Amino acid sequence: LQQAEVDALVAAVSKSPVAGGKPLPIEGAVNYDFKRPERVSKDQMRSLENLHEVFARNVGAVLSGYLRSVVDVKLSSIIQLTYAEFTSNLPTPTCFALVDAPPLEGKIILEVNPSIVYPIVDRLLGGGRGTTAVPDRPLTEIEQKIVGKIAQLLLSQLKNIWSRIKEIDFSLAEIESNPQYRQIVPPNELVVLITFEISMGESRGMMNLCIPFTSIEPIMPSFALENIYNFMRKRAGDADARAISANLRETQVEAVAYIA
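Throughout what follows, the structure given in this document is the object of discussion. In this text the structure is predicted, and so the values were computed from the model without any measurement.

## Examining the packing of helix H2 (residues 42–67) against helix H5 (residues 141–162)
Following both chains from N to C, one finds H2 and H5 inclined at 145 degrees, their axes separated by 10 Å at the closest point. Of the two elements, H2 crosses H5, and the hand of that crossing is right-handed. Within the contact between the two elements, H2 uses Leu 51, His 52, Val 54, Phe 55, Asn 58, Val 59, Val 62, Leu 63, Tyr 66 and Leu 67 and H5 uses Lys 149, Ile 150, Leu 153, Leu 154, Gln 157, Leu 158, Ile 161 and Trp 162. When grouped by side-chain class, the residues that make up the contact of H2 with H5 number 14 nonpolar, 3 polar and 1 charged.

## Looking at the nonpolar core
One finds Trp 162, Phe 170 and Phe 196 to be the most contacted residues of the largest nonpolar core, which totals 54 residues. Broken down by element, the residue count for this core peaks at 9 residues, all from H2. Ignoring sequence-local partners within four residues, the contact set of Phe 170 consists of Val 99, Asp 100, Ala 101, Ile 108, Leu 155, Leu 158, Lys 159 and Trp 162. Within the second largest apolar cluster, 11 residues are counted, among which are Leu 90, Leu 98, Ile 109 and Leu 193.

## Some points on unusual backbone geometry
A cis geometry characterises the amide bond from Thr 92 onward to Pro 93, with omega recorded as 0 degrees. Position of Pro 93 relative to the elements: it lies in the loop between helix H3 (83–88) and strand S4 (95–100). A cis geometry characterises the amide bond from Pro 102 onward to Pro 103, with omega recorded as 10 degrees. With respect to the helices and strands, Pro 103 occurs in the loop between S4 and strand S5 (107–112). Not every positive phi belongs to a glycine, and Arg 68 is a case in point at roughly 55 degrees. Along the polypeptide, Arg 68 turns up in the loop between H2 and strand S3 (71–82).

## Digging into helix H4 (residues 114–124)
Of all 11 residues making up H4, 8 are buried, and the element is well covered by its neighbours. Residues of H4 that are buried include every one of Pro 114, Ile 116, Val 117, Tyr 118, Pro 119, Ile 120, Val 121 and Arg 123, and no others. Residues of H4 that are buried make contact with H2, S4, S5, H5, strand S7 (190–200) and strand S8 (203–212). Note on H4: the residue one or two positions beyond its end, Gly 126, has a positive phi of about 105 degrees.

## Quick look at the packing of aromatic side chains
The final tally for this structure, using the stated rule, is 3 aromatic pairs. Judged by centre distance (6.1 Å) and plane angle (55 degrees), the ring pair of Tyr 83 and Phe 86 falls under tilted. Placement of both Tyr 83 and Phe 86 in helix H3 is noted, with a separation of 3 residues, approximately one turn of the helix. For Tyr 83, a relative accessible area of 0% translates into the label buried.

Procedures and definitions
- Residues numbered from 1 in each chain as written.
- Predicted model: local features only at pLDDT ≥ 70, side-chain atom pairs only at ≥ 80, totals over all residues.
- Heavy atoms only, no water.
- Axes fitted to C-alpha atoms, helices over the stretch in contact; angles between N-to-C directions.
- Helix = DSSP H or I, 4+ residues; strand = E, 2+ residues; numbered from the N terminus.
- Left-handed = near helix turned anticlockwise from the far one by under 90°.
- Contact = heavy atoms within 4.5 Å.
- Nonpolar A, V, L, I, M, F, W, Y, C, P; charged D, E, K, R; others polar.
- Core = buried A, V, L, I, M, F, W, Y, C linked by side-chain atoms within 4.5 Å.
- Buried < 20%, exposed > 50% of the residue type's maximum accessible area, 1.4 Å probe, protein only.
- Phe/Tyr/Trp six-rings, centres within 6.5 Å; stacked < 30°, edge-to-face > 60°.

Shown next as structure tokens:
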């Protein structure tokens, strides 16, 4: 460029809305991060939140019965981020379960932190009377089998909750210890991360449900608030009553009598 052209560019920049390298505030403008595009609307995020609050309560009840210990599960957060951001924040090793979800394409991730996985395994193996030490190692084959049964319980509850939106057959594909070994989507792909906090006695840990946006994009219009509200207000029908009665008839209750 000629010196005159350089001077003209400098003069033009000094008169533009950008001064000193920082954009001046413009009324009505909204900051947009191209690294983290939000492709799920706020209404759809609220619908997902309401849906998984019910899932958390159901999981807490199921785990309490299965482990014969009080287990509290709470929805902690639901956010949008990239897959690389999700995996970079996970501990290594961890319990990293890959889940098939036909008819949705691809896989989803169910990750449970070691801080709560090992106490659950210890409880099922007869321990759980005190504080459980969390070893810094991957799950053994036996431990993976035990965790696999827990994962199936969680996925059955997830299937029941999602059935109000879409019939999805959630099934466990495999369990991995290192999140970096499994790239289910490109690193910059958007995912919806639903985080739960699990408490059992003195043990606490996080559980993450990672759903790639490309997998649920076809059914996102179904996540309308009115659909979720109708689901939450739905009363039990005759079929539900018969199912509950059938389960109660098979329930074994121990009765102990103390005389004198």
